Amino acid sequence: PPPPSPQTTTTMSPQFAEAKVVAVSVDYRLAPELPIPAAYEDSWAALQWVASHRNKDGQEPWLNEHADFGRVFLAGDSAGANTNYAPRRPGLGH
């Protein structure tokens, strides 16, 4: 996936490092060019990709080694919060 925005990297990376957490940034498709449910589908696909590492045999070796899947938290702000939450609601995706 593409890297997070420079603003996110500058402001959040030090906080992630201090908290000793792994952060995954989702580059979801944006409306109006690609209307809903495109962003929801991207969010769901990203969550599935992350979850594919839970048995330590996923595609990304670093994530297999460092992520603690007993402690997962989903977050976002503005539209990112919506695309994070909506696909997990009944009738809105998966």
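Figured I'd write up the structure that's included with this text. (Residues numbered from 1 in each chain as written. Predicted model: local features only at pLDDT ≥ 70, side-chain atom pairs only at ≥ 80, totals over all residues. Heavy atoms only, no water.)

1. Focus: the overall build of the protein chain
1) Next: Each helix and strand counted, the protein chain has four helices and zero strands in total.
2) Next: Along the chain direction, N to C, the helices and strands of the protein chain fall in the order α-α-α-α.
3) Next: Within the protein chain, buried positions represent 19% of all 94 residues.
4) Next: A fraction of 40% describes how many contacts in the protein chain between residues 6 or more apart in sequence connect residues 24 or more apart.
5) Next: Approximately 7100 Å² of the protein chain is accessible, and the part contributed by carbon and sulfur atoms is 58%. (Helix = DSSP H or I, 4+ residues; strand = E, 2+ residues; numbered from the N terminus. Buried < 20%, exposed > 50% of the residue type's maximum accessible area, 1.4 Å probe, protein only. Contact = heavy atoms within 4.5 Å. Areas by Shrake-Rupley, 256 points an atom, 1.4 Å probe, with all protein chains shown as cover.)

2. Let's talk about the pattern of salt bridges
1) Next: Here the structure, examined in full by the defined rule, presents two salt bridges.
2) Next: With a closest N to O distance of 3.3 Å, Arg29 and Glu41 form a salt bridge. Taken together, the residues span a long stretch of sequence, with Arg29 in the loop between helix 1 (6-19) and helix 2 (38-51) and Glu41 in helix 2 at a distance of 12 residues.
3) Next: A salt bridge links Asp42 to Arg29, with the shortest nitrogen-to-oxygen separation between them at 2.9 Å. (Salt bridge = Lys/Arg side-chain N within 4 Å of Asp/Glu carboxyl O.)

3. Things to note about unusual backbone geometry
1) Next: Here the residue pair Ala31 and Pro32 is connected by a cis peptide bond, since its omega of 10 degrees sits within 30 degrees of zero.
2) Next: At the junction of Ile36 and Pro37, the peptide bond is cis and its omega measures out at 20 degrees in the coordinates.
3) Next: With respect to the element layout, Pro37 can be found in the loop between helix 1 and helix 2.
4) Next: Phi at Lys20 takes a positive value of approximately 60 degrees, unusual for a residue other than glycine.

From the geometry alone we can't say anything about function, so treat these as descriptive.
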